[in-house]
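Given next are the chains, with one letter for each unit.
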Amino acid sequence: MQPIIYKRSYRLGEASFTLGERTLVMGILNVTPDSFSDGGRYNNVERALQHAREMIAEGADIIDVGGESTRPGHEPVSEQEELERVIPVVEAMQRELPQVPLSVDTYKAKVAREALKAGAHIINDVWGFKAEARMAEVAAEFGCPVILMHNRQDRNYGDLLADVAADLRECVEIARKAGVKDENIILDPGIGFAKDYSENLRVMRALDDLITLGYPLLLGTSRKRFIRTALDLPVDEVVFGTAATVALGVAQGCQIVRVHDVKEIKQTVQMCDAVVYTL
């Protein structure tokens, strides 16, 4: 069965991207010392910029910059520290690579505002605007695309899939009430967040149901623990497992995939797109 595909075009200054023609690859650029996979490797401006260039050369369509690790057990960082990590990288990206869509991975309103002012184009919020209400106001003010991820403080699910869908609807309602336009909303099922191994697998099997909520879906499974558990492999040996989850996601209609291993996943989505996007 052909998956639901949403068509959207975004013009973001010199940058742009289009949904509905092929799967887009979002490359992860962690400017943190403690991310679970690549912490400390790119936490200065020159190394970050070089890695961004490498991911673009390998086929990344969007670069996602994050200044606070969200791995299990991570230590939250202050607003000021996150700004000091993220803003110089955003400014350098805008100066050197203005044609590349740039996402900022943050749940803090001030960080989002300053990043957008510095040249970022997209807000990627792992709390779906539920951590800070002002995030929705910032998004509405700048008129930017937003990625609202499923997350919650507890795992007290009654019906897992129904609850995930309801939680995402709440995120959408927060955004819309603040004035965020429907066409600027992208959802993320939050694989690896507030879900155990079995729950992650169940959500992976139901991505096509979440797409019926009416918004494009971004899938972020790259090197996640549920893949490492299934394969019993360390974090740097699960590119094929990640590729399998990406293929499952694209087959169900996910339109953006957020990954560390751009070259390998680019090939994966190109093959999937040959099936999904060829009439």
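Residues numbered from 1 in each chain as written. Predicted model: local features only at pLDDT ≥ 70, side-chain atom pairs only at ≥ 80, totals over all residues. Heavy atoms only, no water.

Caption draft 1: Region of interest: the overall build of the protein. Along its length, the protein carries ten helices and ten strands. For 279 residues, the compact-globule estimate of 2.2 N^0.38 gives 19 Å, and the C-alpha radius of gyration of the protein, at 17 Å, lies within 12% of that figure. In terms of overall dimensions, the protein has a C-alpha envelope of 45 × 40 × 40 Å along the principal axes. In the protein, which comprises 279 residues, the proportion classed as buried is 57%. The long-range fraction of contacts in the protein, counting pairs at least 24 apart against all pairs at least 6 apart in sequence, stands at 68%. (Helix = DSSP H or I, 4+ residues; strand = E, 2+ residues; numbered from the N terminus. Rg over C-alpha atoms; globule rule 2.2 N^0.38 Å. Buried < 20%, exposed > 50% of the residue type's maximum accessible area, 1.4 Å probe, protein only. Contact = heavy atoms within 4.5 Å.)

Caption draft 2: Inspection of the sheet that holds strand 7 (residues 146-149) at higher detail. The parallel open sheet is built from eight strands, whose spatial order is 8-7-6-5-4-3-10-9. The open sheet terminates on both sides in strands that have one partner only, identified here as strand 8 (185-188) and strand 9 (218-219). With three bridges connecting them, strand 5 (residues 102-105) and strand 6 (residues 122-125) associate as parallel partners. Directly across from Asp105, in strand 6, lies its bridge partner Asn124. (Pairing = 2+ DSSP bridges.)

Caption draft 3: Summary view of the environment of Val111. Looking at the element boundaries, Val111 is found in helix 3 (residues 109-118). Overall, Val111 belongs to the buried group, its relative accessible area being 0%. Sequence separation between Val111 and Gln99 is twelve residues; the distance between their C-alpha atoms is 22 Å.

Caption draft 4: Expanded view of the pattern of salt bridges. Scanning the entire structure with this criterion turns up 19 salt bridges. A salt bridge links Asp61 to Lys266, with the nearest nitrogen and oxygen atoms 3.6 Å apart. One end of the pair, Asp61, is in the loop between helix 1 (45-58) and strand 4 (62-66); the other, Lys266, is in helix 10 (residues 262-276), with 205 residues separating them in the sequence. For the pair shown, Asp61 and Lys266 are each scored as buried. Close ionic contact of Lys108 with Glu68 constitutes a salt bridge, the shortest N to O distance being 2.4 Å. Residue Lys108 is located in the loop between strand 5 and helix 3, and its partner Glu68 is located in the loop between strand 4 and helix 2 (79-96); the two are separated by 40 residues in the primary sequence. Classification of Lys108 as buried rests on a relative accessible area of 7%. Here the residues in one salt-bridge network are Arg22, Asp61 and Lys266, joined through shared partners. (Salt bridge = Lys/Arg side-chain N within 4 Å of Asp/Glu carboxyl O.)

Caption draft 5: Structural view of helix 2. Here helix 2 spans 26 Å end to end across 18 residues, near enough to the 26 Å set by a 1.5 Å rise per residue. Of all the bends found along helix 2, the most pronounced is centred on Val86 and spans about 25°, while Pro88, a proline, follows it within four residues. Of the surrounding elements, those touching the buried residues of helix 2 are strand 3 (24-30), helix 1, strand 4, strand 5 and helix 3. (Expected span 1.5 Å × (residues − 1). Bend = angle between axes of the 7 residues up to and from the residue.)

Caption draft 6: Examining the packing of helix 4 (residues 134-142) against helix 5 (residues 160-178) more closely. Here helix 4 crosses helix 5 at 50°, and the two axes come no closer than 8 Å. The orientation of helix 4 relative to helix 5 falls into the category oblique. Judged by the twist between their axes, the crossing of helix 4 over helix 5 is right-handed. Of the residues in helix 5, those touching helix 4 at Ala136, Glu137 and Ala140 are Ile174, Ala175 and Ala178. Taken together, the residues that form the contact of helix 4 with helix 5 break down as five nonpolar, no polar and one charged. (Axes fitted to C-alpha atoms, helices over the stretch in contact; angles between N-to-C directions. Parallel < 35°, antiparallel > 145°, perpendicular 65-115°, else oblique. Left-handed = near helix turned anticlockwise from the far one by under 90°. Nonpolar A, V, L, I, M, F, W, Y, C, P; charged D, E, K, R; others polar.)

Without other data, these values stay purely geometric and don't point to any function.
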